[in-house]
Amino acid sequence: MYWTEFLTVAFIHLLAVASPGPDFAVVVRESVTHGRRAGTWTALGVGSAIFLHVTYSLLGIGLIVSQSIVLFNALKWLAAAYLLYIGIKALRARPADPAAAEGGAAPVARTARGAYVAGFVTNGLNPKATLFFLSLFTVVINPHTPLTVQAGYGVYLACATAIWFCLVALLFSQQRVRAGFARMGHWFDRMMGVVLVGLGIKLAFTELR
């Protein structure tokens, strides 16, 4: 009975999740810099944050945020500040110490918790995600659709997002891909820093419509 609505939700979500943005940038950076394990945990963090968006959309809190310029701006600036923070950290990356490299010193491993939190916060604080899910649950999904069915959509959206970014992590953590980026060394970190800072600045100037 709800298959048509579900397929519409799935299609719109596919278009949204495939568009490069903060989530994509942070998963790629974690995957290339720290490997598949960190990239996968970051992807799971991004996927888990979807439950946050779905929950407040079902509760109607998203509508309050969308109608309040103060709340929207608070969320926007928090997200922009976080992206600027991790972007600036990446911009400050320095060349590897040749002596340490020759000595075979292993880089500091990224903890699963740190990678997960990076993904969760990046997606959870994104006000564009707030507006996306609000429009999805108020315009695309019929308000008369049972909450259990809407919750089922939410589970699908979270799982589909996590799977998509796990595939991104799988691709960018391939040894050949990482080796290619490794040749650029700290320049890759700086390039990703520019991307993250740019996304943060763009987000900071996002206006409520």
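Numbers given to residues run from 1 along each chain, matching the order in which its sequence is written. Two thresholds apply to this predicted model, a pLDDT of at least 70 for residue-level local features and 80 or more for giving and counting side-chain atom pairs, whereas whole-chain, interface and lining totals are computed over all residues. As a rule here, side-chain values come from all non-hydrogen atoms in the structure, and water together with hydrogens is ignored.

- The protein appears in an unreviewed UniProt entry as LysE family transporter from Pseudomonas triclosanedens.
- UniProt positions are given in the numbering used here, feature names are shortened, and annotations may be inferred rather than shown by experiment. Quoted straight from UniProt, the Subcellular location (unreviewed entry) entry for the protein says "Cell membrane".

## Considering helix α9 (residues 147–172)
What sets the pattern is the α-helix's 3.6 residues per turn: residues three or four places apart point alike.
Here's step 1: Labels follow the DSSP assignment, with helices taken as runs of H or I lasting at least four residues and strands as runs of E lasting at least two, numbered in each case from the N terminus. For a helix, the expected span equals 1.5 Å multiplied by the number of residues minus one. The terminal C-alpha atoms of α9 lie 37 Å apart, and with 26 residues this matches the ideal 38 Å at 1.5 Å per residue to within 8%.
Here's step 2: Those residues of α9 not exposed but buried are Gln150, Tyr153, Gly154, Leu157, Ala158, Ala160, Thr161, Ala162, Phe165, Val168, Ala169 and Phe172. Throughout, exposure labels follow a simple rule: accessible area from a 1.4 Å probe, protein chains only, divided by the maximum for the residue type, with under 20% read as buried, over 50% as exposed, and the rest as partly exposed.

## What about the pattern of salt bridges?
Here's step 1: Whenever a carboxyl oxygen of Asp or Glu lies within 4 Å of a side-chain nitrogen of Lys or Arg, that contact is scored as a salt bridge. Evaluated as defined, the whole model comprises one salt bridge.
Here's step 2: The shortest N-O distance in the salt bridge between glutamate 30 and arginine 110 comes to 2.9 Å. On the criterion of sequence distance, the pair formed by glutamate 30 in helix α2 (residues 22–34) and arginine 110 in the loop between α6 (98–102) and α7 (112–124) is long-range, its members being 80 residues apart.
Here's step 3: Glutamate 30 gets classed as buried once you look at its relative accessible area, which sits at 3%.
Here's step 4: Of the residues examined, arginine 110 reaches a relative accessible area of 29% and is grouped as partly exposed.

## Focus: the side chain of histidine 53
Here's step 1: Along the chain, the position of histidine 53 falls in helix α3 (residues 36–59).
Here's step 2: Polar contacts, as counted here, are pairs of nitrogen or oxygen atoms within 3.5 Å of one another; within protein the pair requires one atom able to donate a hydrogen and one able to accept it, and residues that are adjacent in sequence qualify only if both atoms are side-chain atoms. Of note is the side chain of histidine 53, whose polar atom sits 3.0 Å from the side chain of asparagine 123.
Here's step 3: Contact criterion: two residues are considered in contact whenever any of their non-hydrogen atoms come within 4.5 Å of each other. Those residues in contact with histidine 53 that lie beyond four places of it in its chain are Asn123, Gly124, Asn126, Ala129, Thr130 and Phe133.

## Structural notes on the layout of surface pockets
Over the atoms a probe the size of a water molecule is rolled, and this reveals where empty space is left.
Here's step 1: For the second largest pocket, the calculated volume is near 520 Å³.
Here's step 2: Forming the boundary of the second largest pocket are 21 residues, of which Ala16, Ser19, Asp23, Asn126 and Lys128 lie nearest the centre.
Here's step 3: Breaking the lining of the second largest pocket down by element, the ones donating at least two residues are α1 (3–18), α2, α8 (127–140), α9 and α11 (186–204).
Here's step 4: At four residues, α8 tops the list of elements feeding residues into the lining of the second largest pocket.
Here's step 5: For this scheme, ten residues count as nonpolar: Ala, Val, Leu, Ile, Met, Phe, Trp, Tyr, Cys and Pro. Four count as charged, namely Asp, Glu, Lys and Arg, and the remainder, Gly too, count as polar. The residue makeup of the lining of the second largest pocket, split by class, is twelve nonpolar, six polar and three charged. The rule is simple: put a 1 Å grid over the protein atoms alone, call a set of points where a 1.4 Å probe fits but cannot get out a cavity, call an open set with protein on both sides within 12 Å along at least five of seven lines a pocket, and count a residue as lining if it has an atom within 4 Å of a point. Grid points are joined across faces, edges and corners, and a volume is the space filled by probe spheres set on the points.

## Regarding the UniProt feature "transmembrane region" (unreviewed entry) in the protein
Here's step 1: The sites that UniProt annotates as "transmembrane region" (unreviewed entry) are residues 41–63, 70–88, 153–172 and 184–205.
Here's step 2: Within the segment residues 153–172, helix and strand shares are 100% and 0% respectively, and the terminal C-alpha atoms sit 29 Å apart.

## Some details on the packing of α2 against α7
Here's step 1: Closest axis-to-axis distance for the α2/α7 pair is 9 Å, and the angle between their directions is 165°. By the angle class used here, α2 and α7 are roughly antiparallel. Pair α2 / α7 crosses with right-handed handedness. Across the interface between the two elements, Pro22, Asp23, Val26 and Glu30 from α2 touch Ala115, Ala118, Thr122 and Asn123 from α7.
Here's step 2: A per-class count over the contact of α2 with α7 returns four nonpolar, two polar and two charged. To define axes, lines are fitted to C-alpha atoms, for helices over the stretch in contact only, and angles between the resulting N-to-C directions are given on a 0 to 180 degree scale. Angles below 35 degrees are treated as roughly parallel, those above 145 as roughly antiparallel, those between 65 and 115 as roughly perpendicular, and all remaining angles as oblique. Crossings are assigned a handedness: left-handed for a near helix turned anticlockwise from the far helix by less than a right angle, right-handed for a clockwise turn.

## Looking at the packing of α3 against α8
Here's step 1: The N-to-C vectors of α3 and α8 enclose an angle of 50°; their axes lie 9 Å apart at closest approach. Considered as vectors, α3 and α8 are oriented oblique to each other. Handedness of the α3/α8 crossing: right-handed. Between α3 and α8, the contacting residues are Ile50, His53, Val54, Tyr56, Ser57 and Leu58 on the first element and Ala129, Thr130, Phe133, Leu134 and Phe137 on the second.
Here's step 2: Looking at side-chain class alone, the contact of α3 with α8 contains eight nonpolar, three polar and no charged residues.

## Observations regarding the packing of aromatic side chains
Here's step 1: Each aromatic pair joins two rings of Phe, Tyr and Trp (for Trp, the six-membered one) with centres within 6.5 Å, and gets the label stacked for planes under 30 degrees apart, edge-to-face for over 60, and tilted for any other angle. The full count for this structure, using the stated rule, is six aromatic pairs.
Here's step 2: Judged by centre distance (5.8 Å) and plane angle (85°), the rings of tryptophan 3 and phenylalanine 6 are edge-to-face. Of this pair, tryptophan 3 and phenylalanine 6 both sit in helix α1, three residues apart, which is roughly one turn of that helix.
Here's step 3: A ring pair is formed by phenylalanine 6 and tyrosine 156, whose centres lie 4.9 Å apart and whose planes are at 70°; its orientation type is edge-to-face.

## Describing the environment of alanine 158
Here's step 1: Mapped onto the elements of the fold, alanine 158 is located in helix α9.
Here's step 2: A residue is classified by how much of its surface remains accessible, and alanine 158, at 2% relative accessible area, is buried.
Here's step 3: Along the primary structure alanine 158 and leucine 44 are separated by 114 residues, whereas in three dimensions their C-alpha atoms are 9.1 Å apart.
Here's step 4: Once residues within four sequence positions are removed from consideration, alanine 158 is found in contact with Gly47, Ile50 and Phe51.

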